[in-house]
Amino acid sequence: MTHNERSRDMSALAHVLASRIEIRNSVFLGRVNFINSIFREPLDLSGSTFRQEASFSSATFLAMVSFASAHFQEDALFDGTAFMKTADCSAASFQREITFAGASINKMRLSRAQISGQLSLQNAEFNRLEARWPVLCNHLRYDGETYLSLARNYRNLEWFEDADDCYYHYRRASQAGKSFAIREGENRKINWSKLLDGLAWISCGYGVRPRYTVFLSCFFILLFAFLYWQGMGIVVEPLNGSEYLQGQNEELTFLDNLYFSAMVFTAKTQVKWYPVGVYRYLATLESILGWLLLALFLVSLGRTMIR
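Computed from a predicted model, the values in this text were never measured in an experiment.

(A) How the structure looks around the overall build of the chain. A count of helical and extended segments in the chain gives seven helices and 25 strands. By residue count, 45% of the 307 residues in the chain fall in the buried class. Here the contacts in the chain between residues at least 6 apart in sequence split such that 30% fall between residues at least 24 apart. As presented, the chain carries roughly 16700 Å² of accessible surface, and 55% of it is formed by carbon and sulfur atoms.

Below you can see the structure in the form of structure tokens.
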């Protein structure tokens, strides 16, 4: 087919296409149907526009196929398709649904692709999928296995930030599907899995957001400092060795209490500073939280920095 030639319909006339096909920068007005076709030689449809549905379902590409800079204005169907070599979809535009459900992908380039509709990779097997997570994240149909496969794919490509973002969104989507209570017969019980997922999200971003631990630590330090300050629960032993006098703790400012809270949280003992009354238990609780969050921070930081 010559350059810019328009076609109203294109269907596979033969089940097996054994010659090289180049149809570049063309406009297909009708439906494109290559269902169950086998392409033994390269197929080049780069720069072409598909006005109607383009179906390559259960097709087999034994050689390279190019959809670079192609425009799919309706659904693009590749469910069950086998890409044995490289599939180049870089800078392609998909305005409606695109499905690779059950597809087998050796190597596919989706760099600079624009996806406007929903993308399905359910039950797909891919060896190398070059598509940055921001391109896929808002369009990917949720499937736990797909998310985990994508995270592994990004780690293999050494796109570690994309792998972390993919895993984070997987856990968020998984948590959204759970309820706080589960029914067992006529009884309703707390869904501890939902609560633990929520705790893992807030405390460390499921192990891939160390900054969440820092923010939570700062929040606890400020919270306990406020409680100490409001209850005047911290006293300071005078430097001259005289006994503590009633009302002396009223002289401590919020910054003084903040200093004490930070020292307790980081397990640094202050000999001349100590809590009184019920605030002794608060200080113990803060110290335990400090140890736990410090350990959590080191684990999540190591997970994201030491690959």
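There is more to say, and it comes next.
(B) Looking closely at the layout of surface pockets. Roughly 190 Å³ of internal volume is contained in the largest pocket. Every residue lining the largest pocket is listed: Thr213, Val214, Ser217, Cys218, Phe265, Thr266, Ala267, Gly290, Trp291, Leu293, Leu294 and Phe297. For the lining of the largest pocket, the secondary structure elements donating two or more residues are helix H5 (210-231) and helix H7 (279-305). Considering every element that reaches the lining of the largest pocket, the biggest residue donor is H7, with five residues. The residue makeup of the lining of the largest pocket, split by class, is eight nonpolar, four polar and no charged.

(C) How the structure looks around the environment of Cys89. Among the secondary structure elements, Cys89 is positioned in the loop between strand E15 (82-88) and strand E16 (93-94). Between the C-alpha atoms of Cys89 and Leu110, which are 21 residues apart in sequence, the distance is 5.1 Å. Leave out the neighbours within four places in its chain, and Cys89 touches Phe67, Ala68, Arg109, Leu110 and Ala113.

(D) Molecular detail of the nonpolar core. Residues Phe56, Phe67, Phe83, Phe100, Trp133 and Leu150 are the most contacted members of the largest nonpolar core, which totals 58 residues. Those elements that place two or more of their residues in this core are E15, strand E18 (104-109), strand E21 (125-130), helix H1 (133-136), helix H2 (144-156) and helix H3 (160-176). Looking at this core, the element that brings in the most residues is H3, giving five residues. Those residues in contact with Phe67 that lie beyond four places of it in its chain are Leu45, Ser46, Phe56, Phe72, Phe78, Asp88, Cys89 and Ala92. Counting residues in hydrophobic clusters, the runner-up holds 14 residues, among them Leu216, Leu252, Val264 and Leu293.

(E) Region of interest: the environment of Leu255. Positionally, Leu255 belongs in helix H6 (residues 254-265). Look at Leu255 and you get exposed, because its relative accessible area is 62%. Linking Leu255 and Ala225, residues 30 residues apart in sequence, is a C-alpha distance of 8.3 Å.

(F) Just empty space enclosed by the protein, in detail. In total, this model carries one cavity of 30 Å³ or more according to the counting rule given. Along the walls of the largest cavity sit Phe100, Ile105, Met108, Leu110, Leu119, Leu121, Leu129 and Leu136, which together make up its complete lining. Class assignment of the residues belonging to the lining of the largest cavity gives a composition of eight nonpolar, no polar and no charged.

(G) Structural view of the pattern of salt bridges. Taken as a whole and assessed by the stated rule, the structure comprises 10 salt bridges. For Arg132, the salt bridge is made with Asp162, and the minimal N-O distance between the two is 2.6 Å. Note that Arg132 is positioned in the loop between E21 and H1 and Asp162 in helix H3, a separation of 30 residues in sequence. Of the residues examined, Asp162 reaches a relative accessible area of 6% and is grouped as buried. Each of Arg20, Glu22, Arg24 and Asp44 takes part in salt bridges that share partners, so that together they form one network.

(H) Broad picture of the side chain of Asp143. By the element assignment, Asp143 lies in the loop between H1 and H2. This buried residue, Asp143, is left without a salt bridge; Arg141 holds the nearest opposite charge, at 9.5 Å. At 2.7 Å, the side chain of Asp143 and the side chain of Thr146 are in polar contact. For Asp143, the residues in contact, after removing those within four places along its chain, are Gln122 and Asn123.

(I) The arrangement of the packing of aromatic side chains in detail. The final tally for this structure, using the stated rule, is 31 aromatic pairs. Taken together, a centroid distance of 5.0 Å and an interplanar angle of 10° make the contact between Phe72 and Phe94 stacked. Of this pair, Phe72 sits in strand E13 (residues 71-72) while Phe94 is found in strand E16, placing the two residues 22 residues apart along the sequence. The pair formed by Phe72 and Phe94 is uniform in burial state, with each residue classed as buried. An angle of 15° between the planes, with centres 5.2 Å apart, marks the rings of Phe78 and Phe100 as stacked. Taken as a pair, Phe78 in the loop between strand E14 (76-77) and E15 and Phe100 in the loop between strand E17 (98-99) and E18 lie far apart in primary sequence, 22 residues in all. For the pair formed by Phe78 and Phe100, the shared burial category is buried. Through pairs of rings, three or more aromatic residues link up here, namely Phe28, Phe34, Phe39, Phe50, Phe56, Phe61, Phe67, Phe72, Phe78, Phe83, Phe94 and Phe100. One residue, Arg172, lies across the ring of Trp201, its end atom 3.9 Å from the ring centre. Taking the ring centre of Tyr168 as reference, the NZ or CZ of Arg209 above it sits at 4.3 Å.

The rules we used
- Residues numbered from 1 in each chain as written.
- Predicted model: local features only at pLDDT ≥ 70, side-chain atom pairs only at ≥ 80, totals over all residues.
- Heavy atoms only, no water.
- Helix = DSSP H or I, 4+ residues; strand = E, 2+ residues; numbered from the N terminus.
- Buried < 20%, exposed > 50% of the residue type's maximum accessible area, 1.4 Å probe, protein only.
- Contact = heavy atoms within 4.5 Å.
- Areas by Shrake-Rupley, 256 points an atom, 1.4 Å probe, with all protein chains shown as cover.
- 1 Å grid on protein atoms, 1.4 Å probe; cavity = no way out; pocket = protein on both sides within 12 Å on 5 of 7 lines; lining within 4 Å.
- Points joined across faces, edges and corners; volume = space filled by probe spheres on them.
- Nonpolar A, V, L, I, M, F, W, Y, C, P; charged D, E, K, R; others polar.
- Core = buried A, V, L, I, M, F, W, Y, C linked by side-chain atoms within 4.5 Å.
- Salt bridge = Lys/Arg side-chain N within 4 Å of Asp/Glu carboxyl O.
- Lys, Arg positive; Asp, Glu negative; His and termini not counted.
- Polar contact = N/O pair within 3.5 Å; in protein donor to acceptor, adjacent residues only side chain to side chain.
- Phe/Tyr/Trp six-rings, centres within 6.5 Å; stacked < 30°, edge-to-face > 60°.
- Lys NZ or Arg CZ within 6 Å of the ring centre and 35° of its normal.

Geometry only, nothing functional implied.
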